[in-house]
Structure formats: structure tokens, C-alpha cells
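Observations on chain architecture
Below, each chain spelled out in residue letters.
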Amino acid sequence: MEGHQRNLYLYERFNARVAGVSRDDVTTLKYWAQSLGLSFPLMSNISGYLGLNLGALAQGSPVFSRRTVIIDRQGMIRYAKDGSPNYREILEVLKKLHEEDGS
Amino acid sequence: MKIPFLFLLLLFLQGCAGTSAEKNNELDPISKNDLMVSQKEYAFTPPSEKWRPLPTEGDITVGFYMTEGKNISNQTSFAYHEEPYGYSRNLGQRMGEFYKRFLWASRVTWETPRTRGINILGREGLEATAIGTDPVQGNKVFSRVIFTHRGERIVAFYFTQWRDIKDPFDSSVEAEFQKFLNSFHFLKPSFYEEL
């Protein structure tokens, strides 16, 4: 998450916005974001439907698995990867999409 | 519906703070001019043979360590890091963010770092020194961390020395770190400068 905070100025440059989604409650996320100094939104999705829709919630699991998803301006998923975020790969994808988009 | 921007959505299990394994820990042989090259990007004078390369997973880009005597806690290391803890692009703010997390897994309590402005790699830098203690394990650690800019981002060099809380630090080995610092240079622009 700190890596995303570090890259916020680059996401802005590529006209991208970042948000995190977790099954933790709002209060927990609030204090966690404060402790890490995160300034981008974290969403509490206790019911887990976002993780289910995006393939990050295994059946019976109480938590999401780690997954990074990039959605384009048309709402299409253009990148999805499990595990620790590969920040450089994410930036390269965002740059490419931004160039494709011409925005 | 058309949204006005690309959207990067992170689904996460809270508390996972791992970093991606995107580095190649490749150290080339020492060249004729006595320089060692790492990852085809970083060149520096290597330390003497008693120093061993640090594994580059996690928070190290390139670095070395040595253990003195039989006490495993008597370890000294130095490293260059492309992505030091923290996120600000202001040297002073980054230093504060850095020390909130530096050696967090060792549960070190840091004293307030002493800082001074320096020139490093021909550019503005900030040097911080601080001693941390781990009263549970009975260890202490001396740290000297140098922050500077590389393009728009902040990078850091750091030196740490662990000792039993009753033993003195040995500043003589810091000369190897200084040699590393004095010779260190980039062979090409960074990923971020080329992005």
C-alpha cells in the first residue's frame, strides 16, 4: 500500500485513480490508513461481493486474497494479477492505457 | 457508463505489507577499473572480501553485510535502496516516514534522529543518524541513512551496525560504507526517469 502512496503522482499523471478494498470494517481501515499515511480511498466491503465479482474471494474464505485490478474508462478490466503488487508493471500498464486512450 | 479515469482497484488482506520481487540480484564481476556493477544499473567500488552480498528481496536494492566474532548480533551492513520506506518526495518528511518503519520487524525503538544537509552524488542530500534499542533482545543498532533525489523520487543509502546493548559500536568499519558512497554512480536513467 505504501508503494501505491509513493506512486500517486504518477497515477495522477496517467489519469488513474486508486482505491483499496478489504473486508475489514471502516474503523479498522481508518486507523490502518492513518498509521501508513495513506491518502487514497480504502473501501470496507464486509459482505465481500466486490471480491467475489473480481475473483479475490475463495469459497469459504473470510478474507480477500491479494489482487490488483485495472479498469479502463469503459469499465472493462484490462489487468488483474494476484499476490503482491508489481508496482512497475502496474505503471507500465497504466501508461500504455493512457496512451491508447489519448486522454 | 463511461468513467473519466482509469481505475486501479486493490483487493487486500489487511496487514500484508510485502513488496514485489521485481529485482534481479545480479552482481557482475569486478571490472578493470575496480568497479562492481549490479543489475546493469549501479556501479560502485566493492567492499573487501569479508563483506557478503545482502539478499535483495524486500527493502534492499544492493548491499553488503559482515558478521564480527561469534555473536550473531554483531552484524554490520550497508545498502543502497531505490524505494526507501515512506512516500514523500521531500527529504525531511521522507526521513520521518522512513524511521517509522525502518527495522520495524526487529521492534527497535529509535531515538530522535540527528540530521544535517549534505552533498551526495552531486546533489542535495539529508543525512540522519540515530541509535535504536531492542530492550527485549538486549540489542542496539546504530544507523546512518542518507536520503537524496534521483529524478522526481527519493532514494537512500544506509549503514547499520548491531551490537549487544552493553558493547560499544565500532565506527572503523564505516570506512567501507564511505568508500561505497564515494564511488557509487548510476549507469543509466532509472525506471521512473524513463517511464
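To be clear, the structure that these remarks concern was listed above.
A brief report on the enclosed structure follows. Since the structure is predicted, the reported quantities are computational estimates derived from the model, not experimental observations.

1. Things to note about the sheet that holds strand β1 (residues 16–22) of chain A
Judged by pairing direction, the sheet is mixed, and its five strands sit side by side in the order β2(A)-β1(A)-β1(B)-β3(A)-β4(A) without closing on themselves. Each edge of the open sheet carries a strand with a single partner, namely β2 (42–44) and β4 (77–82) of chain A. In this sheet, adjacent strand axes meet at a mean angle of 20 degrees when their direction is disregarded. Examined bridge by bridge, strand β3 (residues 67–71) of chain A and β4 of chain A share five bridges and lie antiparallel to one another. Among the inter-strand pairings, Thr68 of chain A is bridged to a residue of β4 of chain A, identified as Lys81 of chain A. Its contacts with the sheet put helix α3 (residues 26–36) of chain A on β1 and β2 of chain A, and the angle it makes with β2 of chain A is roughly 160 degrees.

2. Observations regarding the nonpolar core
By size, the foremost hydrophobic cluster in this structure holds 28 residues, and its most contacted members are Met1, Tyr11, Leu38, Leu42, Ile70 and Leu94 of chain A together with Leu8 of chain B. For this core, the secondary-structure elements that each account for two or more residues are α2 (8–13), β1, α3 and α5 (87–101) of chain A together with β1 (6–11) and α3 (191–194) of chain B. No other element matches α5 of chain A, which puts six residues into this core. Excluding residues within four positions of it along the chain, Leu8 of chain B makes contact with His4, Tyr11, Arg17, Val18, Ala19, Thr68, Val69, Ile70, Ile90 and Leu94 of chain A. One finds Val62, Phe64, Phe180 and Leu181 of chain B within the second-largest nonpolar core, a separate group that totals 22 residues.

3. Quick notes on the side chain of Ser77 of chain B
All names here are of chain B. Inspection of the secondary structure assignment puts Ser77 in strand β6 (residues 75–81). Judged by relative accessible area, Ser77 falls into the buried class, the value being 14%. Beyond its immediate stretch of four places on either side in the chain, Ser77 contacts Trp51, Leu54, Phe64, Tyr65, Tyr158, Phe159 and Thr160.

4. Concerning α3 of chain A
Residues of α3 of chain A that are buried: Leu29, Trp32, Ala33 and Leu36 of chain A. On an axial view of α3 of chain A, the arc spanned by its buried residues comes to 100 degrees, and they lie on one face. Buried residues along α3 of chain A sit in contact with β1 and β2 of chain A together with α1 (91–101) of chain B. With a side-chain oxygen positioned 3.1 Å from the backbone nitrogen of Thr27 of chain A, the residue opening α3 of chain A is Asp25 of chain A. Phi turns positive, to about 75 degrees, at Gly37 of chain A, one or two residues after α3 of chain A.

What counts and how
Residues numbered from 1 in each chain as written. Chains lettered and ligands numbered in written order. Predicted model: local features only at pLDDT ≥ 70, side-chain atom pairs only at ≥ 80, totals over all residues. Heavy atoms only, no water. Pairing = 2+ DSSP bridges. Helix = DSSP H or I, 4+ residues; strand = E, 2+ residues; numbered from the N terminus. Axes fitted to C-alpha atoms, helices over the stretch in contact; angles between N-to-C directions. Contact = heavy atoms within 4.5 Å. Core = buried A, V, L, I, M, F, W, Y, C linked by side-chain atoms within 4.5 Å. Buried < 20%, exposed > 50% of the residue type's maximum accessible area, 1.4 Å probe, protein only. Arc of directions from axis to C-beta. Polar contact = N/O pair within 3.5 Å; in protein donor to acceptor, adjacent residues only side chain to side chain.

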